[in-house]
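The residues making up each chain are set out below.
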Amino acid sequence: ATHRPVYGDDLQPMWSSFVDAMGATYNAGGDFCQKEAKTIRCPTLILHGEKDPLVPGHHPRWLHDNISGSRLQTFPEGKHNIHQKF
């Protein structure tokens, strides 16, 4: 599993439940707040580590493309914990 390098084995039960819930939401037609994200009108800084094993790069790019006036800052060597390292 891709989360183990970041969180170890303690997160597995919670991670599995989260993935199952997100899959069920998506399969039921959920859009994970995409409509709402497009209505954000405040300054928005989106941070992403390009080596993040949990969040694929298309997610922050989608947010940046759909939140007017947002700023996307990527960290080429960053992983999921960029808020702790950079």
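Report on the accompanying structure. Everything numeric in this text was worked out from a predicted model, so none of it was measured.

A few points about the state of the cysteines
So, step 1. Enumeration over the complete set of coordinates arrives at 0 disulfides.
So, step 2. Free of any disulfide, cysteine 33 has its nearest cysteine sulfur in cysteine 42, 15 Å distant.
So, step 3. Residue class for cysteine 42 comes out partly exposed when judged on its relative accessible area of 44%.

Observations concerning the pairing of strand E1 (residues 45-49)
So, step 1. Strand direction decides the pairing type here: E1 and strand E2 (residues 71-75), joined by 5 bridges, are parallel. Looking across to E2, one finds that isoleucine 46 is bridged to leucine 72.

Here's the deal with the layout of surface pockets
So, step 1. One number sums up the size of the largest pocket: a volume of about 480 Å³.
So, step 2. If you go around the largest pocket, you meet 16 residues; those closest to its centre are Met22, Asp31, Phe32, Gln34 and His59.
So, step 3. Taken together, the elements giving at least two residues each to the lining of the largest pocket come down to helix H2 (12-27), helix H3 (34-37) and helix H4 (58-66).
So, step 4. No other element matches the 5 residues that H2 contributes to the lining of the largest pocket.

What counts, and where the lines are drawn
- Residues numbered from 1 in each chain as written.
- Predicted model: local features only at pLDDT ≥ 70, side-chain atom pairs only at ≥ 80, totals over all residues.
- Heavy atoms only, no water.
- Disulfide = S-S within 2.5 Å.
- Buried < 20%, exposed > 50% of the residue type's maximum accessible area, 1.4 Å probe, protein only.
- Pairing = 2+ DSSP bridges.
- Helix = DSSP H or I, 4+ residues; strand = E, 2+ residues; numbered from the N terminus.
- 1 Å grid on protein atoms, 1.4 Å probe; cavity = no way out; pocket = protein on both sides within 12 Å on 5 of 7 lines; lining within 4 Å.
- Points joined across faces, edges and corners; volume = space filled by probe spheres on them.

By themselves these figures say nothing about function.
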